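Below are the chains, spelled out letter by letter.
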Amino acid sequence: MITLSSDFGSPYPAAMKGVLASRTDARLIDVSHEFPRQDIRAAAFWLREVLPYFPPAVHLVVVDPGVGTERAALAVRAGGHVLVGPDNGVLFPAARTLADDADEHGEIEVFEYAYDDPESVTFHGRDVFAPAAATVQETGRETVEAEERFTPVEEYEDVTFPDPTIREGGVDGEVLVVDDFGNAITNVPGEILADHFGEAVTVNGVWAPAQRTYAGVDTDNRLVTVGSHGNVELAVNQDRGDERFSVSTGSRVRLRWT
Amino acid sequence: MITLSSDFGSPYPAAMKGVLASRTDARLIDVSHEFPRQDIRAAAFWLREVLPYFPPAVHLVVVDPGVGTERAALAVRAGGHVLVGPDNGVLFPAARTLADDADEHGEIEVFEYAYDDPESVTFHGRDVFAPAAATVQETGRETVEAEERFTPVEEYEDVTFPDPTIREGGVDGEVLVVDDFGNAITNVPGEILADHFGEAVTVNGVWAPAQRTYAGVDTDNRLVTVGSHGNVELAVNQDRGDERFSVSTGSRVRLRWT
Amino acid sequence: MITLSSDFGSPYPAAMKGVLASRTDARLIDVSHEFPRQDIRAAAFWLREVLPYFPPAVHLVVVDPGVGTERAALAVRAGGHVLVGPDNGVLFPAARTLADDADEHGEIEVFEYAYDDPESVTFHGRDVFAPAAATVQETGRETVEAEERFTPVEEYEDVTFPDPTIREGGVDGEVLVVDDFGNAITNVPGEILADHFGEAVTVNGVWAPAQRTYAGVDTDNRLVTVGSHGNVELAVNQDRGDERFSVSTGSRVRLRWT
């Protein structure tokens with residue numbers, strides 16, 4: 001199985017599928033091609049949330065603002081999965097979770113993929129990363145290093161998410177991503193909110209009840225809840241939380257118990 | 001084969017695909033993840049239009065404004081298909097059509113799925129309904145009841161579409177959904193229009209010719225026609241009918257022969 | 001393998017997938033259902049760019065402003081592939097490239113598909129073209145003519161792209177399509193720009209550097225480059241080129257060396 005993730009929209013992902021289907025019969029499953037454009041951190045967040053639900057697979061990831069520069073192409077093995085994508089950190093939050101889920105040692109192995117001059121300098125998804133993913137699929141995830149194009153490397157870019165700051169009477173964090181429903185997902189762990197369900201809180205001074213479910217408030221009302229990713233999110237029942245809390249990706253969030 | 005339908009956009013459906021692919025090798029086919037948000041009736045309409053073209057399959061449907069509440073998870077068997085989704089009525093218009101197509105008795109069997117406490121109260125698509133669909137696939141559509149998690153039930157929510165009112169010189173109906181082309185699809189059966197093709201009609205007082213095809217009028221002109229679903233629709237050749245007839249989902253439509 | 005391409009958005013493509021899955025176990029791969037609405041030339045361009053990356057397959061293509069009229073349904077065999085779609089020219093730019101890639105003779109064979117009265121006059125994708133594609137898949141791409149519904153034809157619609165005009169000190173072309181990133185893709189072959197990388201050029205009087213990669217300019221800056229399709233494109237690093245060069249599909253582009 002090969003999953004595909006990118007910020008390409010349509011129809012560029014189809015060229016990657018063609019390249020993969022030309023070389024392997026592996027099942028192809030789209031994760032998303034609608035990641036926020038060129039947003040490495042948002043893609044890293046979503047991959048970390050979604051990929052752990054898949055069985056061991058090859059995951060092709062192309063969110064690549066540096067396309068055409070000298071940045072390396074990587075294959076990252078973690079928990080039986082192999083993630084293939086650019087050396088800009090996008091693969092590592094997911095890789096750490098996959099490694100931790102599989103194994104208490106949480107081992108991650110990183111390989112650089114040696115690629116020939118690509119047909120295009122602007123579409124490495126098609127000309128570099130899809131061939132790399134097909135090569136992993138053909139070689140086998142457990143034996144990537146049997147293929148001489150893959151060389152172990154020790155240094156690579158990484159992405160980490162900021163930790164929130166616990167304060168007396170609340171917590172200061174930030175919005176990591178906004179989902180398609182308009183839920184603003186923060187870096188605040190959900191456990192922090194658990195003691196406050198049923199109470200009112202303020203977010204940057206805006207009042208909202210802390211609730212376990214969207215349906216805990218009437219339609220069109222604000223709430224603070226814990227999303228499916230386990231983080232605190234700012235939401236509106238059946239409407240957009242980002243707009244009603246006036247936040248977007250990167251916004252500082254000051255959460256206070258009342 | 002398992003089809004997937006939701007109002008999730010991207011990338012949440014990928015988590016459901018991961019759960020399914022972890023448990024079964026069944027083919028996964030997306031019906032849509034772009035159903036109008038939280039709109040049970042629109043989803044019910046589209047499923048009724050689309051699912052009958054599929055061979056017998058498991059259909060996972062998650063349009064679920066009540067996520068996190070006590071509403072049940074259902075498996076509905078009809079015409080050899082099994083539809084899996086929340087107990088809010090979304091499954092039944094399609095189930096009735098599948099049952100009618102397969103069998104003059106049109107039998108529908110409804111089972112409640114007993115689920116464990118889900119990992120998240122806000123993403124039952126991933127934590128409840130995808131596992132339920134995988135369980136149906138593993139157990140077999142014809143023998144769902146062999147799995148003790150499925151219990152026959154007699155009471156459940158339903159969704160029906162309103163009937164139009166035939167009047168002298170016309171018909172009063174309403175817009176059920178608007179498609180991506182901007183065609184406003186009404187609850188008026190197409191047969192009612194068949195006698196009037198080539199004539200002019202009015203819709204809420206707005207003049208338009210009744211035509212068998214979009215190409216029956218010049219580009220950018222209004223027409224009233226019968227869509228692929230068999231209902232009367234308000235359209236514009238190569239443009240949006242909803243805007244040019246000033247209607248949206250739920251709008252009353254007064255159609256008069258002239 | 002059957003690929004699917006249309007301008008349908010969602011959920012109409014699912015009905016086509018149902019029809020195909022009812023008749024064949026072939027792998028179904030979406031190319032795009034987001035082609036610009038009713039834009040035969042844009043679809044023809046994208047198919048020519050994407051389909052050559054696929055292994056030999058059946059390609060179902062439905063961009064069909066003439067749906068419901070008498071226009072024929074075609075199956076076009078080229079380079080081992082068969083493209084199925086309406087007789088409006090949309091299939092031929094891709095067919096020529098597939099034929100050229102496979103064979104120096106570049107042979108293209110065109111068949112008309114005799115179809116029964118469709119269930120709907122507005123959704124031939126479901127009622128005519130998907131059944132035609134399934135029939136090609138069942139009959140075999142190499143032996144389409146063994147099925148009596150397919151008759152060789154000599155006359156059909158075609159789509160060609162205009163050639164640019166080379167002038168002293170520059171070239172005059174036009175924008176063929178704009179991609180989802182906002183890159184405005186012209187009909188000017190990339191080789192013409194190759195001698196000018198690193199220099200400044202003007203586009204309709206607007207200054208921009210000619211660069212080999214997006215990263216050749218700072219974020220948010222204009223550039224003129226060669227896209228993955230091999231044509232000159234007007235771009236902005238991490239933003240939309242169409243807006244910043246004030247062009248859209250069909251715009252005249254006057255490119256001058258400086």
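Residues numbered from 1 in each chain as written. Chains lettered and ligands numbered in written order. Predicted model: local features only at pLDDT ≥ 70, side-chain atom pairs only at ≥ 80, totals over all residues. Heavy atoms only, no water.

(A) Fine view of the overall build of chain A. If you tally the helices and strands in chain A, you get six helices and 15 strands. Relative to a compact globule of 258 residues, whose C-alpha radius of gyration would be 18 Å, chain A shows 20 Å and is just as compact. Going through the 258 residues of chain A one by one, you find that 60% of them count as buried. Taking the intrachain contacts of chain A between residues at least 6 apart in sequence as the baseline, contacts between residues at least 24 apart amount to 63%. (Helix = DSSP H or I, 4+ residues; strand = E, 2+ residues; numbered from the N terminus. Rg over C-alpha atoms; globule rule 2.2 N^0.38 Å. Buried < 20%, exposed > 50% of the residue type's maximum accessible area, 1.4 Å probe, protein only. Contact = heavy atoms within 4.5 Å.)

(B) Region of the structure containing the pairing of strand β10 (residues 184–189) of chain B. Residues and elements named next belong to chain B. Of all six residues making up β10, five are buried, and the element is well covered by its neighbours. As defined by bridge partners, strand β9 (residues 170–178) adjoins β10 across three bridges and the pair is classed as antiparallel. Each bridged residue has a counterpart across the sheet, and for Val178 the counterpart in β10 is Ala184. Linking β9 back to β10 in an antiparallel pair, the connection comprises five residues, with Gly182 at a positive phi of about 90°. (Pairing = 2+ DSSP bridges.)

(C) View of the packing of aromatic side chains. Counted according to the given criterion, the structure contains 27 aromatic pairs over all chains. Taken together, a centroid distance of 5.2 Å and an interplanar angle of 40° make the contact between Tyr113 of chain B and Phe150 of chain B tilted. One end of the pair, Tyr113 of chain B, is in strand β6 (residues 108–113); the other, Phe150 of chain B, is in strand β7 (residues 150–152), and 37 residues separate them in sequence. For the pair shown, Tyr113 of chain B and Phe150 of chain B are each scored as buried. These aromatic residues form a ring-pair network of at least three members: Phe8, Tyr12 and Phe123 of chain A together with Phe45, Trp46, Phe161 and Phe181 of chain C. The side chain of Arg37 of chain B reaches across the aromatic face of Phe181 of chain A, ending 4.1 Å from its centre. Sitting above the plane of the Phe245 of chain B ring, Arg222 of chain B keeps its charged end 5.9 Å from the centroid. (Phe/Tyr/Trp six-rings, centres within 6.5 Å; stacked < 30°, edge-to-face > 60°. Lys NZ or Arg CZ within 6 Å of the ring centre and 35° of its normal.)

(D) The arrangement of the interface of chain A and chain B in detail. Listed per partner, the contact involves 26 residues of chain A and 29 residues of chain B. At the boundary of chain A with chain B, total buried surface from both sides reaches about 2,300 Å², with 60% on carbon and sulfur atoms. Counting the surface chain A buries against chain B, the share from its top three residues, Tyr53, Phe181 and Ser228 of chain A, is 31%. Our count for the contact surface shared by chain A and chain B stands at zero salt bridges. The interface formed by chain A and chain B includes 11 residue pairs in polar contact (both at pLDDT 80 or more). Counting residues per element, the side of chain A that touches chain B draws most heavily on strand β2 (residues 28–32) of chain A, at four residues. When its residues are assigned to classes, the side of chain A that touches chain B shows 14 nonpolar, six polar and six charged. (Buried area = accessible area lost by both parts, 1.4 Å probe. Salt bridge = Lys/Arg side-chain N within 4 Å of Asp/Glu carboxyl O. Polar contact = N/O pair within 3.5 Å; in protein donor to acceptor, adjacent residues only side chain to side chain. Nonpolar A, V, L, I, M, F, W, Y, C, P; charged D, E, K, R; others polar.)

By themselves, these figures tell us nothing about what the structure is for.
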